[in-house]
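A closer look at the structure
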Amino acid sequence: MPIVEPTNKSVLEYEGIHLYHTDRSNCSARVRLLLEEKELPWVSHHINLNEKENINEEYFGINPKGLVPSLVHDGTVVVESNDILAYLEDKYPEPGFREVSDEDQQKIDYWLKTSGEFHLMGIKTLQYFKSVAKLLEKLDAEYNRYGELKTDPAQLEFYAKKWCTWLKLTEEDTAGATRLMNEIY
Ligand SMILES: N[C@@H](CCC(=O)N[C@@H](CS)C(=O)NCC(=O)O)C(=O)O
């Protein structure tokens, strides 16, 4: 669902490129890199995940999964980092990052698709388990609020494990994530 009809109507007024992102997010970083490579001016809306600035109706009204990044371009909302890259490439083709051989294009497509697919069960599982789980730990009431706003079943399962005090990510989860990462690389 790359292009979203936002329920937060305030963003429809935005002009130019606005990026909702966070510093340590690899999905945000790939969009920031493309913006910089294309030398496009953009307005930063930094979302502090530790402060749970993504978990409120205002932000879910922009990104229905409550995740970063989200792009707003002249009032058009685009979510999912790979779709944002494709959108920017279409809108701002110069300098072009698709002017490569078919073989290279296939590699690019493979890595973009793979990075999207293993993000939740690979990178995110390891990252949350090893470093940020404590920082982002939520009270059950906060988790329930998140659950009300979140809709995607895979994400809900992930958040249930990450945040519910009675579940948590296990060594088994992280072993699975490590296996997945080893298979891919
Ligand atoms: N498939 C999404 C994944 C986005 C995602 O999971 N973003 C993370 C940061 S890397 C996030 O917003 N985490 C906040 C949370 O889980 O509440 C994309 O590529 O944009």
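Residues numbered from 1 in each chain as written. Predicted model: local features only at pLDDT ≥ 70, side-chain atom pairs only at ≥ 80, totals over all residues. Heavy atoms only, no water.

Time to look at the overall build of the protein. Scanning the protein for helices and strands turns up 7 helices and 5 strands. When the helices and strands of the protein are read in sequence order from the N terminus, they spell out β-β-α-β-α-β-β-α-α-α-α-α. Nonlocal contacts in the protein, meaning residues at least 24 apart in sequence, comprise 67% of its contacts between residues at least 6 apart. By element, 54% of the accessible surface of the protein is carried by carbon and sulfur atoms, the whole surface being about 10400 Å². (Helix = DSSP H or I, 4+ residues; strand = E, 2+ residues; numbered from the N terminus. Contact = heavy atoms within 4.5 Å. Areas by Shrake-Rupley, 256 points an atom, 1.4 Å probe, with all protein chains shown as cover.)

A few words now on a nonpolar patch on the surface. On the surface, Tyr110, Trp111 and Tyr185 cluster together into a nonpolar patch covering about 390 Å² of accessible area. Within the element layout of this structure, tyrosine 185 appears in the segment after helix H7 (171-184). (Patch = residues over 30% accessible without salt bridge, like charges linked within 9 Å, V, L, I, M, F, W, Y side chains within 5 Å. Salt bridge = Lys/Arg side-chain N within 4 Å of Asp/Glu carboxyl O.)

On to the pairing of strand E5 (residues 76-79). As defined by bridge partners, strand E1 (residues 3-4) adjoins E5 across 2 bridges and the pair is classed as antiparallel. Residue pairing for E5: isoleucine 3 is matched across the bridge by valine 78. By the bridge criterion, 4 bridges tie strand E4 (residues 70-73) to E5 in an arrangement that is antiparallel. When the bridges of E5 are listed, histidine 73 appears paired with threonine 76. (Pairing = 2+ DSSP bridges.)

Here the focus is the site of the ligand. Near the ligand you find 15 residues, and of these Val68, Glu80, Ser81, Tyr146 and Tyr159 are the closest. A distance of 2.9 Å separates an oxygen atom of the ligand from a polar atom in the side chain of asparagine 54. Residue glutamate 80 places a side-chain N or O atom 2.7 Å away from a nitrogen atom belonging to the ligand. Against a free-state accessible area of 510 Å², the protein chains account for coverage of 91% of the ligand. Secondary-structure elements contributing two or more residues to the shell around the ligand are helix H1 (26-37) and helix H4 (102-136). With 3 residues, H4 is the single largest residue contributor to the shell around the ligand. Its residues assigned to classes, the shell around the ligand comprises 8 nonpolar, 5 polar and 2 charged. (Near = heavy atom within 4 Å. Polar contact = N/O pair within 3.5 Å; in protein donor to acceptor, adjacent residues only side chain to side chain. Nonpolar A, V, L, I, M, F, W, Y, C, P; charged D, E, K, R; others polar.)

On to the pattern of salt bridges. Under the counting rule described, the total for this entry stands at 5 salt bridges. Notably, a salt bridge pairs glutamate 5 with lysine 9, separated by 3.5 Å at the nearest N-O pair. Judged by relative accessible area, lysine 9 falls into the partly exposed class, the value being 45%. With a shortest N-O distance of 3.9 Å, lysine 107 and aspartate 104 are connected by a salt bridge. Here the residue lysine 107 and the residue aspartate 104 both occupy positions in helix H4, the gap between them amounting to 3 residues, near one helical turn. (Buried < 20%, exposed > 50% of the residue type's maximum accessible area, 1.4 Å probe, protein only.)

Once that is clear, we can look at H7. In a regular helix each residue adds 1.5 Å, so 14 residues correspond to 20 Å; H7 covers 20 Å between its end C-alpha atoms and thus fits that length. Those residues of H7 that fall on the buried side of the exposure criterion are Asp173, Thr174, Ala177, Met181 and Ile184. Along the axis of H7, the buried positions cluster into a sector of 90°, meaning they face one direction only. Away from its buried face by more than 90 degrees, H7 exposes Glu171, Glu172, Arg179, Asn182 and Glu183. (Expected span 1.5 Å × (residues − 1). Arc of directions from axis to C-beta.)

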